[in-house]
Amino acid sequence: MDLHLHTTFSDGTYTPAEVVDLARRSGLSAIAITDHDTLAGIAPAIEAAGRSLEIISGVEITAEFHGRELHLLGYFFDPHNANLRSALDHLRSERVGRFHEMVKRLHGLGVHINDADVANLGDTTTLGRRHLAELLVQAKQAATVREAFQRYLGDQGRATVPKTRLPVADAIALVRGATGVAAWAHPAYDCTKEMLLELKGFGLGAIEAEYPAFTPTRIRKLRQMATDLGLAVTGGSDCHGPDQPRRAIGASSITHDELMRLRACCKI
């Protein structure tokens, strides 16, 4: 069960149908589409999967906790919930404004991108820095996406504009209000039990313990903290496409029993 996957509806390069096909080939029985701040990839994935693969409603919400960005995963929620959809619509709208401000900053640095290429991204994609990095490569303003981030779009980059972030308590409440369970995606290495207790007080139900970038020691520590605090565990590859083999679909996953425990959190 790979519960952390991105598609072309956010910053992934696989379509929902391609994700489903690759998940089948990997022998998975369930996946979650967790695009950034959008639910648009869920329905196409369900249509492509038919009865051969369970598609769990998922999302990765941009949130803030103690002044820092925190990515919150939501699972098993009602994708038609009006409050959740409205909040995600707002975040996507803010992302569009941020994207165009970064394009403007690049122009101010003498780095120009074709307006037609920007328009071709369409209005169904959750825009982010990766999209802009890819446009820089297309425009031959950077040799690779990595170089584009190093030169312009890193966290302290000359063209970077901060994202709008929901207070984490509000983000958790939105997921819970849609009858879902909220999980902390790839917890920071300075994550403590005190932080997790505070988040649990807001309604957090799980933490992502299985993740490609985590060492075995880190995974054991996160699993132990989850056990100690009565939290479920989740996990997934965080696959965005074929360019990162360590994050191939199915590279990190959880067991059937762990999936059932995560699902049960929705009823608490």
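Since the structure is predicted, the reported quantities are computational estimates derived from the model, not experimental observations.

(A) Summary view of the environment of leucine 73. Looking at where leucine 73 falls in the secondary structure, it is placed in strand S4 (residues 68-75). The class of leucine 73 is buried, set by a relative accessible area of 0%. On a C-alpha basis, the gap between leucine 73 and isoleucine 46 in space is 19 Å, while along the polypeptide they are 27 residues apart. Not counting residues up to four positions away in its chain, the partners in contact with leucine 73 are His4, Thr34, Val59, Glu60, Val181, Ala182, Ala183, Ala185 and Glu208.

(B) Region of interest: the nonpolar core. With 38 residues, the main nonpolar core has Ile61, Leu72, Trp184, Leu196 and Leu204 as its most contacted residues. When residues of this core are traced back to their parent elements, those giving at least two are strand S3 (54-65), S4, helix H3 (82-108), helix H7 (168-177), strand S6 (181-184), helix H8 (193-202), strand S7 (206-210) and helix H9 (216-229). Setting aside anything within four residues of it in sequence, one finds leucine 204 in contact with Leu72, Ile172, Ala182, Ala183, Trp184, Leu196, Leu199 and Leu231. Among the nonpolar cores identified, the runner-up in size contains 19 residues, and Val118, Leu132, Leu135 and Ala142 belong to it.

(C) A look at the packing of H8 against H9. Where H8 contacts H9, the two axes come as close as 11 Å, and the packing angle between them is 50 degrees. Overall, the two elements H8 and H9 adopt an arrangement that is oblique. Seen from above, H8 lies across H9 with right-handed handedness. On H9, the residues touching Lys193, Leu196, Leu197 and Lys200 of H8 are Met225, Asp228 and Leu229.

(D) Seen up close, the environment of arginine 146. Structurally, the position occupied by arginine 146 is in helix H6 (residues 145-153). Taking the relative accessible area as the measure of exposure, arginine 146 reaches 63% and is therefore exposed. C-alpha of arginine 146 to C-alpha of alanine 133: the two residues are 13 residues apart in sequence and 8.0 Å apart in space.

(E) Fine view of H9. Here H9 spans 20 Å end to end across 14 residues, near enough to the 20 Å set by a 1.5 Å rise per residue. Within H9 the residues assigned to the buried category are Arg218, Ile219, Leu222, Met225, Ala226 and Leu229. Angularly, the buried residues of H9 cover 130 degrees about the axis, an arc narrow enough to put them on a single face. Residues of H9 that are exposed and point over 90 degrees away from its buried face: Pro216, Thr217, Arg220 and Thr227. Structurally, H9 contributes buried residues whose contacts are with H8, S7 and strand S8 (232-235). Just beyond H9, the residue with positive phi is glycine 230, at close to 70 degrees.

(F) Layout of the packing of aromatic side chains. The full count for this structure, using the stated rule, is 3 aromatic pairs. Between phenylalanine 65 and tryptophan 184, the aromatic rings sit 6.4 Å apart at their centres with planes inclined by 80 degrees, giving edge-to-face as the arrangement. Separated by 119 residues along the polypeptide, phenylalanine 65 in strand S3 and tryptophan 184 in strand S6 bring together distant segments of the chain. Exposure remark for tryptophan 184: the relative accessible area of 6% places this residue in the buried category. Taking the centre distance of 5.2 Å and the plane angle of 50 degrees together, the rings of tyrosine 211 and phenylalanine 214 count as tilted. Neither residue differs from the other here; tyrosine 211 and phenylalanine 214 are each classed as buried. Taken together, Tyr189, Tyr211 and Phe214 form an aromatic cluster joined through their ring pairs. Arginine 218 extends its terminal NZ or CZ atom over the ring of phenylalanine 214, reaching a point 5.7 Å from the ring centre.

(G) Here's a closer look at the environment of glycine 12. Here glycine 12 shows up in the loop between strand S1 (2-5) and helix H1 (16-25). Linking glycine 12 and tryptophan 184, residues 172 residues apart in sequence, is a C-alpha distance of 20 Å. Residue contacts for glycine 12: discarding those within four places in its chain leaves His6, Thr7 and His240.

(H) Structural detail: the side chain of serine 237. Tracing the backbone through its elements, the reader meets serine 237 in the loop between S8 and helix H10 (256-264). Only 2.7 Å separates the side chain of serine 237 from the side chain of aspartate 2, close enough to count as a polar contact. Polar side-chain contacts of serine 237 include one of 3.2 Å to the backbone nitrogen of cysteine 239. Among all residues touching serine 237, those that are not within four sequence positions of it are Asp2, His4, Leu5, Pro212, Arg247, Ala248, Ile249, Gly250, Ala251 and Ser252.

What counts and how
- Residues numbered from 1 in each chain as written.
- Predicted model: local features only at pLDDT ≥ 70, side-chain atom pairs only at ≥ 80, totals over all residues.
- Heavy atoms only, no water.
- Helix = DSSP H or I, 4+ residues; strand = E, 2+ residues; numbered from the N terminus.
- Buried < 20%, exposed > 50% of the residue type's maximum accessible area, 1.4 Å probe, protein only.
- Contact = heavy atoms within 4.5 Å.
- Core = buried A, V, L, I, M, F, W, Y, C linked by side-chain atoms within 4.5 Å.
- Axes fitted to C-alpha atoms, helices over the stretch in contact; angles between N-to-C directions.
- Parallel < 35°, antiparallel > 145°, perpendicular 65-115°, else oblique.
- Left-handed = near helix turned anticlockwise from the far one by under 90°.
- Expected span 1.5 Å × (residues − 1).
- Arc of directions from axis to C-beta.
- Phe/Tyr/Trp six-rings, centres within 6.5 Å; stacked < 30°, edge-to-face > 60°.
- Lys NZ or Arg CZ within 6 Å of the ring centre and 35° of its normal.
- Polar contact = N/O pair within 3.5 Å; in protein donor to acceptor, adjacent residues only side chain to side chain.

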